[in-house]
Protein chains: 2
Amino acid sequence: MIYVAIMGHGVVGSGVAEVLRKNADSIARKAGEGIAIRKILDLREFPDLPYADCFTKDFEEIVNDPDIRIVVETMGGLSPSYEYVKRCLETGKSVVTSNKELVAAKGDELLALARKNNLNFLFEASVGGGIPILRPIDQCLAANEVTEIAGILNGTTNFMLTRMIEDGMSFEDALALAQQLGYAERDPSADVGGHDACRKICILASLAFGKHVYPAQVHTEGITAITSEDVRTAAAADSVIKLIGRAVMQEDGRLYATVAPTVIAKSSLLSDVNDVFNGIMVRGDAIGDVVFYGRGAGKLPTASAVVADVIDEVKHLKARKYLFWEGGYEGYVIPHGEGTVQMLVRAADTADAAAQIAAAFGEVQAVSGDGVPAGDVAFITPAMTESALDAALAASGLTVKSRLRVAQL
Amino acid sequence: MIYVAIMGHGVVGSGVAEVLRKNADSIARKAGEGIAIRKILDLREFPDLPYADCFTKDFEEIVNDPDIRIVVETMGGLSPSYEYVKRCLETGKSVVTSNKELVAAKGDELLALARKNNLNFLFEASVGGGIPILRPIDQCLAANEVTEIAGILNGTTNFMLTRMIEDGMSFEDALALAQQLGYAERDPSADVGGHDACRKICILASLAFGKHVYPAQVHTEGITAITSEDVRTAAAADSVIKLIGRAVMQEDGRLYATVAPTVIAKSSLLSDVNDVFNGIMVRGDAIGDVVFYGRGAGKLPTASAVVADVIDEVKHLKARKYLFWEGGYEGYVIPHGEGTVQMLVRAADTADAAAQIAAAFGEVQAVSGDGVPAGDVAFITPAMTESALDAALAASGLTVKSRLRVAQL
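Along every chain, residues carry numbers that run from 1 in the direction the sequence is written. Naming scheme: in the order in which they are written, chains are lettered from A and ligands are numbered from 1. This being a predicted model, a pLDDT of at least 70 is required before a residue's local features are given, and a value of 80 or more before pairs of side-chain atoms are given or counted; all residues contribute to the totals for chains, interfaces and linings. To get the side-chain values, all heavy atoms of the structure are used, and hydrogens and water are removed first.

1. With respect to the overall build of chain A
(1) Moving on: Per the secondary structure count, chain A includes 14 helices and 17 strands.
(2) Moving on: We take the radius of gyration over the C-alpha atoms and set the globule estimate at 2.2 Å times the residue count to the 0.38 power. For a compact globule of 409 residues, the expected C-alpha radius of gyration is about 22 Å, and chain A comes in at 23 Å, within 12% of that figure.
(3) Moving on: Over its C-alpha atoms, taken along the principal directions, chain A stretches across nearly 75 × 45 × 35 Å.
(4) Moving on: Within chain A, the proportion of its 409 residues that are buried is 58%.
(5) Moving on: In this description, contact between two residues means that some pair of their heavy atoms is separated by no more than 4.5 Å. Across chain A, contacts joining residues at least 24 apart in sequence account for 74% of those joining residues at least 6 apart. Put simply, DSSP H or I for four residues or longer makes a helix, DSSP E for two residues or longer makes a strand, and each gets a number counted from the N terminus. To sort residues, take the accessible area from a 1.4 Å probe on protein chains only and compare it with the maximum for the residue type: under 20% means buried, over 50% means exposed, and anything in between is partly exposed.

2. Here's the deal with the environment of G10(A)
All names here are of chain A.
(1) Moving on: With respect to the element layout, G10 can be found in the loop between β1 (2–7) and α1 (11–22).
(2) Moving on: For the pair G10 and D42, spaced 32 residues apart in sequence, the C-alpha separation works out to 8.6 Å.
(3) Moving on: Residue contacts for G10: discarding those within four places in its chain leaves D42 and R44.

3. Some details on helix α5 (residues 100–116) of chain B
Since the α-helix advances by 3.6 residues per turn, residues separated by three or four positions end up pointing in the same direction.
Residues and elements named next belong to chain B.
(1) Moving on: A helix is expected to span 1.5 Å for every residue after the first. Compared with an ideal rise of 1.5 Å per residue, which puts 17 residues at 24 Å, α5 spans 22 Å between its outermost C-alpha atoms and is within 8% of the ideal.
(2) Moving on: The sharpest bend along α5 comes to roughly 80°, located at K106.
(3) Moving on: Those residues of α5 that sit buried are L102, V103, A104, G107, D108, L110, L111, L113 and A114.
(4) Moving on: Where α5 is buried, its residues contact β4 (68–73), α4 (81–90), β5 (94–97), β6 (121–122) and α10 (195–209).
(5) Moving on: A positive phi of about 55° marks N118, the residue just after α5. One fitted axis covers the seven residues ending at a residue, a second covers the seven starting there, and the bend at that residue is the angle between these axes.

4. A look at the sheet that holds strand β4 (residues 68–73) of chain A
Residues and elements named next belong to chain A.
(1) Moving on: Whether two strands pair depends on DSSP finding at least two bridges between them. Taking strand neighbours across the sheet as the criterion, the six strands line up as β3-β2-β1-β4-β5-β6 in an open arrangement whose pairing is parallel. Two strands lie at the open edges of the sheet, namely β3 (55–56) and β6 (121–122), each paired on one side alone.
(2) Moving on: As paired elements, strand β2 (residues 35–41) and β3 share two bridges and run parallel to each other. Paired with L41 across the bridge in β3 is T56.
(3) Moving on: The angle between two axes is taken between their N-to-C directions and runs from 0 to 180 degrees, where each axis is a line fitted to C-alpha atoms and a helix contributes only its stretch in contact. Relative to strand β5 (residues 94–97), helix α12 (residues 299–315) is tilted by about 165°, and along the sheet it contacts β1, β2, β4, β5 and β6.

5. What about the sheet that holds β6(B)?
Residue and element names in this part refer to chain B.
(1) Moving on: One open sheet holds the six strands; their spatial order is β3-β2-β1-β4-β5-β6, and the pairing between them is parallel. Of all the strands in the sheet, the pair left with one neighbour each is β3 (55–56) and β6.
(2) Moving on: Two elements, β5 and β6, share two bridges in a ladder whose sense is parallel. Looking across to β6, one finds that V96 is bridged to L122.

6. Notes on the interface of chain B and chain A
By convention, interface size is frequently given as the accessible area that disappears when the constituent parts associate.
(1) Moving on: Taken together, the 41 residues of chain B in the interface contact 41 residues of chain A.
(2) Moving on: When chain B packs against chain A, the two sides together hide about 3400 Å² of surface, and 57% of this comes from carbon and sulfur.
(3) Moving on: Basic side-chain nitrogens of Lys or Arg form a salt bridge, by our definition, when they fall within 4 Å of a carboxyl oxygen of Asp or Glu. One can count two salt bridges joining chain B with chain A.
(4) Moving on: We note a salt bridge from K22(B) to D285(A), for which the minimum N-O separation is 3.5 Å.
(5) Moving on: N or O atoms closer than or at 3.5 Å make up a polar contact, with two conditions inside protein: a donor-capable atom paired with an acceptor-capable one, and, for residues adjacent in sequence, both atoms drawn from side chains. Where chain B packs against chain A, one counts six residue pairs in polar contact (both at pLDDT 80 or more).
(6) Moving on: Taken together, the elements giving at least two residues each to the side of chain B that touches chain A come down to α1 (11–22), α2 (24–31), α6 (134–140), β12 (288–295) and α12 (299–315) of chain B.
(7) Moving on: Considering every element that reaches the side of chain B that touches chain A, the biggest residue donor is α12(B), with eight residues.
(8) Moving on: In this count, Pro and Cys sit with the nonpolar residues alongside Ala, Val, Leu, Ile, Met, Phe, Trp and Tyr, while Asp, Glu, Lys and Arg are called charged and the others, Gly among them, polar. Partitioning the side of chain B that touches chain A into residue classes produces 21 nonpolar, eight polar and 12 charged.
(9) Moving on: Summarising the sheet, strand β12 (residues 288–295) of chain A and β12(B) pair through five bridges and their orientation is antiparallel. Its bridge partner lying in β12(B), V290(A) is registered against G294(B). Two parts placed together each lose some accessible area under a 1.4 Å probe, and the buried area is that loss summed for both.

7. Things to note about the relation of the copies chain B and chain A
(1) Moving on: Copies overlap after least-squares fitting; the atoms used are the C-alpha atoms of residues with pLDDT of at least 70 in both. The operation relating chain B to chain A is a screw motion whose rotation component is 180°, with 0.0 Å of axial translation and a residual RMSD of 0.0 Å. Such a turn and shift between the copies fits a two-fold axis. Considering only C-alpha atoms, the residue of chain B closest to the rotation axis is F292(B), which sits at 2.5 Å.
(2) Moving on: Same-surface contact between copies: 100% of interface residues of chain B are shared with the interface of chain A.

8. Considering the pattern of salt bridges
(1) Moving on: Taken as a whole and assessed by the stated rule, the structure comprises 62 salt bridges over all chains.
(2) Moving on: Across the pair E229(A) and R232(A) runs a salt bridge whose closest N-O atoms are separated by 3.9 Å. You can see E229(A) and its partner R232(A) sitting in helix α11 (residues 228–236), three residues apart, about one turn around the helix.
(3) Moving on: The partner of R283(B) in a salt bridge is D289(B), with the nearest N and O atoms 2.9 Å apart.
(4) Moving on: A relative accessible area of 22% places R283(B) in the partly exposed class.

9. A word on unusual backbone geometry
(1) Moving on: Cis rather than trans, the peptide bond between S79(A) and P80(A) has omega equal to 10°.
(2) Moving on: Inspection of the secondary structure assignment puts P80(A) in the loop between β4 and α4 (81–90).
(3) Moving on: The phi dihedral of D275(A) falls on the positive side, at around 55°, and the residue is not glycine.
(4) Moving on: Looking at the secondary structure, you find D275(A) in the loop between β10 (255–265) and β11 (277–284).
(5) Moving on: Unlike most non-glycine residues, D238(B) shows phi in positive territory, near 55°.

10. A look at the side chain of D191(A)
All names here are of chain A.
(1) Moving on: With respect to the helices and strands, the residue D191 is situated in helix α9 (residues 189–192).
(2) Moving on: For the purpose of counting charges, residues Lys and Arg are taken to be positive, whereas Asp and Glu are taken to be negative. His and the chain ends are not included. The side chain of D191 is buried and forms no salt bridge, while K200, the nearest opposite charge, is found at 6.5 Å.
(3) Moving on: Residues in contact with D191, not counting those within four places in the same chain, are N154, T156, T157, D196 and L243.

11. Some thoughts on the nonpolar core
(1) Moving on: We call a set of buried residues a nonpolar core when its members are Ala, Val, Leu, Ile, Met, Phe, Trp, Tyr or Cys and they connect through side-chain atoms within 4.5 Å of each other. Core analysis: the largest hydrophobic core is formed by 165 residues, its most contacted members being L204(A) and L204(B).
(2) Moving on: Top element by residues in this core is α10(B). It accounts for 10 residues.
(3) Moving on: Leave out the neighbours within four places in its chain, and L204(B) touches V127(B), I133(B), L134(B), I137(B), I149(B), L153(B) and I280(B).

12. Topic: the packing of aromatic side chains
Residues and elements named next belong to chain A.
(1) Moving on: We call Phe, Tyr and Trp rings a pair once their centres come within 6.5 Å, taking the six-membered ring for Trp, and we label the pair stacked below 30 degrees between planes, edge-to-face above 60, and tilted otherwise. Scanning all chains against the criterion turns up 19 aromatic pairs over all chains.
(2) Moving on: For the pair F121 and F123, a centre-to-centre distance of 5.3 Å together with 55° between the ring planes defines the contact as tilted. Neither residue differs from the other here; F121 and F123 are each classed as buried.
(3) Moving on: In this structure an aromatic cluster arises from ring pairing among F46, Y51 and F55.
(4) Moving on: Above the plane of the ring of Y3 lies R38, whose end atom (NZ or CZ) is 4.6 Å from the centre. Throughout this description, the term charge over a ring refers to an Arg CZ or Lys NZ atom that lies within 6 Å of the ring centre and within 35 degrees of the ring normal.

13. A look at the pairing of strand β1 (residues 2–7) of chain B
Residue and element names in this part refer to chain B.
(1) Moving on: Most of β1 sits out of view: five of its six residues are buried.
(2) Moving on: Across six bridges, β1 lies against strand β2 (residues 35–41) in parallel orientation. Pairing of I6 across the sheet is with I40, part of β2.
(3) Moving on: Sheet analysis places β1 next to β4, joined by five bridges and oriented parallel.

Here it is as structure tokens:
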């Protein structure tokens, strides 16, 4: 019997306890040994649960219990998660976490610590909830050079954009509905500001390209500025707006990484990833495009991913798993402005507009049709650096109403 | 340095050699050791290749070379692949294969042999080409009880159906185009007859549910009978026709497994899997639906999946990997006719048709609109066993023109 501890009995942590107990027999068969919960760390009390006697408020009871071989961290946040996970790894316990904030900030350091102590540190649930994505990138694509990863990584904003696209809702109404349905927090800023998606693209890019990408290195825009007019203009270009986290390896070995609302063609498979679903595209030199799709959040999908990691650690108690990346450094990620982009621009349709567009950009791809609001003109720029594009727009004399990056995904 | 042999220098085998050589450095980094090709078995000669001196026509040179630790089988077919793979496993060599016919027919036996000799037998490339699917099912979904697997598993037929749906082509024209583009063989029967998809659903179901499913146990229909009228009738039901391989675990522990052209709603993500792409949906109790999407065939995607397996075996030369299932048995798979189905039926619209439909099926879901051919009537039956449905149709007096199963995927 292998004993585990769970730190944090919230939505995911209680789901882990539920899956471990409900599927105990099949899990034991798959792991080769039974798995039992020894301790659960939470400041709250749950006297009515069948496993009420596992609860403790004292982390020392976990870290000092030599029988506990694996610790599941589902508290979230950076502190005290970081200190606790570090101490677990220092005292010979393998760790599984679903905490994307922790992995995005401290993944390189914790992976190095796990390697030094011949332990495992796994976090499949930190990206894409229950969608298997980190393992496939790491293992099955081992023979590929990955060139790009792009995905819809946040279910809340994808739900809101879907309502804006399909039902013509405003941003405010879509947010209110998402909150009413429990998809968005009362303070929705981590979701709508793009920070949640940013953490996830950091983890994906760190793994795929082997060097840590820190959240502060990734230019991040949320969806708060997206209007119904933008949605309709994108539709006129036979496209939809999705919040896309994206990392593209450049020929010079630097990474282009962004989170931003992005115009993608309706023919792209990611354009069909709707509601709270996530979709992640991996582009490799040999494999071409592979897309992973499923529920990116939710108690049981996320818990099942955590439990799969626990099973994997039980099977590898004496051997380290593959997962690893190095520390990152300044200059590895292209500074904002230097990346090459195309933008869908909407501006006031003045008498001078056509001439101003031609003067600023030369030939552009005009976007017209019912979707473009009356009195506006819309076009897609040629590819150029974002700084050059911003400068050209500023100098053009156009009254710019919105600019959204366009990607071929 | 780890030495490997490749048996069969056809499309996939030559791709494996190419990927192993081209990405040698990054592969060595990922595997932890260099990987070198020692021998290639082929009856043909390739004097101009840089690795021409690796070729041999004699299998004994491979099986008797103690330095060869891993053998890649990319010959295809059952014989002599089966005998060769068996002898490799008997003499202490791990095996990687892309041969779906071999795994679908003999997977249980070869897995048992590998386990007995503490070796690995991996075959990620046998299903979905380069799409990572077997490992995710086995590992990442370890904490789930999988309830259903369904997928578009054959790129050739999916290309043909896409042309029939999007361009209104006939079956014959779509086949001619597929042959012209090199997607279909001159003898296309393995593809259009559904046998290729059958082998793949056998492998997927064997892995997901732990018992071997043999091709002869799976009711298999191809797409040869699909007409433009069927395609348009499905469109009238806001659906498309896809060749779907499907395995559903019943509450009584038996498996319902079929390959057949199937009507699926346009709202299903699988309905957007077009052209030569494959898409595979895994439905689990905790995870919900997860979809894997990508190129299901092609030299480099398939070769990259084979090489990823080779890397994995290099990393596990001393330890067995997880992959395993037991032998199957008669009675495990529901006999044809006993499975519960719904059908989209098209029949001649005679004066009696409405009354005959009502008498045979009670309330049905009528399908109408431009797509239904003039003079025909179309409807979706209630759910019932296939035998009962066939009997009801036969006794109804209707002049049935086509019947296609309907699935909620």
